[in-house]
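Overview (structure and organization)
Take a look at the letters that make up each chain.
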Amino acid sequence: MPQVLVVDDDPHIRQLLVFALEKAGLAAREAEDGEAALASVAQQRPDLVVLDINMPKLDGLEVCRRLRAQGDIPILFLSSRDDEIDRILGIELGADDYVVKPFSPREVTARVQAILRRARAAAPPAADATMAHGKLSLDPESWIARWDQTEAALTVTEFGILRILLGAPTRVFSRDAIIDRLHGPGFAITDRTIDSHVRNLRGKFAALGGHDVVETRAGVGYRLGPCLGQAA
């Protein structure tokens with residue numbers, strides 16, 4: 001049973017989300033602030049963290065930074081600020097998705113389940129199903145991405161986007177097409193969120209020498225680049 005950690009300083013919100021997640025068949029536990037969240041993750045690593053941004057002691061952005069330094073645990077942000085800059089910052093830090101308060105517990109549960117579905121592939125690929133293009137390679141079975149044999153630390157969503165592009169290296173994918181493949185048709189997420197994930201992907205591979213992993217086709221979307229390490 002997938003384990004979800006709900007982190008929020010509002011006990012009412014924690015109780016609502018824990019109830020909704022458990023009703024959906026997930027195991028859920030609570031943490032009341034950022035420090036408690038880090039301690040809980042250290043004791044029993046959950047499969048996903050639902051993380052409020054505005055909290056005492058350590059806010060959600062700092063908790064996200066520390067969790068990302070430790071690994072690629074999926075993170076869903078909760079934000080009470082309807083401010084796009086805060087949302088994009090959260091995505092760039094490595095969050096997989098976000099929900100703005102006030103929200104429906106059903107919406108949070110649906111987004112949690114979508115992230116978990118991506119993290120746990122429904123059918124494992126064959127052992128020889130490694131995908132490669134130029135110096136880029138993906139191992140979908142182990143969820144490992146490499147640039148010229150060096151592993152890149154990607155979030156679940158970043159890996160999913162790269163896998164979509166690598167699966168059809170000559171095709172240009174619109175943002176809507178990427179969203180549909182990641183979450184299913186009709187899932188509510190903004191184009192800017194996809195742009196932020198792609199920007200994050202580019203930054204991670206550029207740090208390894210991969211300056212040409214994703215190309216932008218103005219007014220259309222994204223496609224896989226030549227992946228030869230050539231700077232634009």
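Refer to the structure printed above.
Residues numbered from 1 in each chain as written. Predicted model: local features only at pLDDT ≥ 70, side-chain atom pairs only at ≥ 80, totals over all residues. Heavy atoms only, no water.

**Things to note about the pairing of strand β11 (residues 221–224)**
The condition is simple: A strand pair is defined by DSSP finding two or more bridges across the two strands. Secondary structure elements are taken from DSSP: a helix is a run of H or I of four residues or more, a strand is a run of E of two residues or more, and numbering for both begins at the N terminus.
Judged from the four bridges that link them, strand β10 (residues 214–217) and β11 form a sheet pairing that is antiparallel. The residue bridging V214 from the neighbouring strand is L224, located in β11. Between the antiparallel neighbours β10 and β11 lie three residues, among them G219 with a positive phi of about 75 degrees.

**Here's the deal with the packing of aromatic side chains**
Quick note on the threshold: Aromatic pairing here means that ring centres of Phe, Tyr or Trp (its six-membered ring) are within 6.5 Å. Orientation follows from the plane angle: under 30 degrees is stacked, over 60 is edge-to-face, and everything else is tilted. The cut-offs for exposure are 20% and 50% of the maximum accessible area for each residue type, with area from a 1.4 Å probe on protein chains only; residues under the lower value are buried, those over the upper are exposed, and the others partly exposed.
With the rule as written, the count across this model stands at two aromatic pairs. Between the aromatic rings of W143 and F159, the centroid separation amounts to 4.7 Å while the plane-to-plane angle is 40 degrees, which identifies the pairing as tilted. Remark: F159 occurs in helix α6 (residues 156–167) and W143 occurs in the loop between β7 (136–139) and β8 (144–147); sequence separation between them is 16 residues. Owing to a relative accessible area of 24%, W143 belongs among the partly exposed residues under this scheme. A relative accessible area of 2% places F159 in the buried class. Ring plane angle 70 degrees and centroid distance 6.4 Å describe the contact between W147 and F205, whose orientation is recorded as edge-to-face. Of this pair, W147 sits in strand β8 while F205 sits in helix α8 (residues 191–206), and the two are 58 residues apart along the sequence.

**Structural notes on the nonpolar core**
Put simply, the rule reads: We call a set of buried residues a nonpolar core when its members are Ala, Val, Leu, Ile, Met, Phe, Trp, Tyr or Cys and they connect through side-chain atoms within 4.5 Å of each other. Any pair of residues with heavy atoms lying within 4.5 Å of one another is described as a contacting pair.
Counting 27 residues, the largest nonpolar core has L136, L154, L162, I178 and F205 as its most contacted members. Breaking this core down by element, the ones donating at least two residues are β7, β8, α6, α7 (175–183), α8 and β11. For this core, the element with the most residues is α6, which contributes six residues. In contact with F205, not counting residues within four places along its chain, are L136, A145, R146, W147, A152, L154, L162, G210 and V213. L38, V63, L67 and A95 belong to the second-largest nonpolar core, a separate cluster that totals 23 residues.

**Comments concerning the pattern of salt bridges**
As a reminder, the rule being used: Salt bridges are defined as contacts in which a side-chain nitrogen from Lys or Arg sits within 4 Å of a carboxyl oxygen from Asp or Glu.
Under the defined criterion, the tally for this structure stands at 13 salt bridges. With a shortest N-O distance of 3.0 Å, K101 and D8 are connected by a salt bridge. A residue pair is termed long-range when its members are at least 10 positions apart, and K101 in the loop between β5 (97–100) and α5 (105–119) and D8 in the loop between β1 (3–7) and α1 (11–23) qualify at 93 residues. Taken as a pair, K101 and D8 share a single burial class, namely buried. Measuring nitrogen to oxygen at the nearest pair gives 3.0 Å for the salt bridge that ties E62 to R66. Note that E62 and R66 are positioned in helix α3 (residues 60–70) at a spacing of four residues, about one turn of the helix. Relative accessible area serves as the criterion here: at 38%, R66 is assigned to the partly exposed category. Several salt bridges share partner residues, and in doing so they unite D8, D52 and K101 into one network.

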